[in-house]
Amino acid sequence: MEKKLRRTVGSEKMFFGVCGGVAKYFGIDATLVRMLWAIFTIFGIGTPILIYIIMVFIMPKENQLQ
């Protein structure tokens, strides 16, 4: 089965499901991804807020068919 990067729609979703989707793709806990994202946002490494917004529009939801 091919791995695909998708936003989560279930229990792993907090805002738009981006962190949950990234966590599922890499097989790690979503809380860890959210904590890292928050740390990067605080320190401004790589403009994470802009990256998050772009990912909301680029990543399809899990339940959307291709």
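Structural data are supplied above this passage.
The residue numbers shown here count from 1 along each chain, following its written sequence. Residues qualify for local features only when their pLDDT is at least 70, as the model is predicted, and side-chain atom pairs are given and counted only at 80 or more; totals for whole chains, interfaces and linings, by contrast, use all residues. Each side-chain value is worked out from all heavy atoms of the structure, with water and hydrogens disregarded.

Asker: Tell me about the side chain of R7, residues and numbers included.
Answerer: Here a strand is any run of E in DSSP of at least two residues, a helix any run of H or I of at least four, and the numbering for each starts at the N terminus. Here R7 is to be found in the segment before α1 (18-26). Burial here depends on accessible area, computed with a 1.4 Å probe over protein chains only, as a share of the maximum for the residue type. Under 20% is buried, over 50% is exposed, and the range in between is partly exposed. None of His or the chain ends enter the tally, which takes Lys and Arg as positive and Asp and Glu as negative. One speaks of a salt bridge when a side-chain nitrogen belonging to Lys or Arg is within 4 Å of a carboxyl oxygen belonging to Asp or Glu. There is no salt bridge for the buried R7, and the closest opposite charge comes from E62, which lies 10.0 Å off by N-O distance. Here a polar contact is recorded for every N or O atom pair within 3.5 Å, except that within protein the pair must consist of a potential hydrogen donor and a potential acceptor, and residues adjacent in sequence are included only if both atoms are side-chain atoms. At 3.0 Å, the side chain of R7 forms a polar contact with the backbone oxygen of M59. Residue contacts follow a heavy-atom distance rule, with two residues in contact if any of their heavy atoms lie within 4.5 Å. If sequence neighbours within four positions are ignored, R7 has contacts with F16, G17, V18, M55, V56, M59, P60, K61 and E62.

Asker: Please provide a residue-by-residue account of the nonpolar core, values included.
Answerer: Think of a nonpolar core as a cluster: buried Ala, Val, Leu, Ile, Met, Phe, Trp, Tyr and Cys residues, connected wherever their side-chain atoms sit within 4.5 Å. By size, the foremost hydrophobic cluster in this structure holds ten residues: V18, C19, V22, A23, A30, V33, Y52, M55, V56 and M59. In terms of residue count, the dominant contributor to this core is α1 (four residues). Residues within four places of V33 in sequence aside, it is in contact with C19, V22, A23 and I28.

Asker: So what about the pattern of salt bridges? Which residues, and what values?
Answerer: Following the criterion strictly, the structure yields one salt bridge and no others. For the salt bridge of K24 with E62, the shortest nitrogen-to-oxygen distance reads 2.5 Å. Residue K24 is located in helix α1, and its partner E62 is located in the segment after α3 (48-58); the two are separated by 38 residues in the primary sequence. Assessed through its relative accessible area of 30%, E62 is described here as partly exposed.

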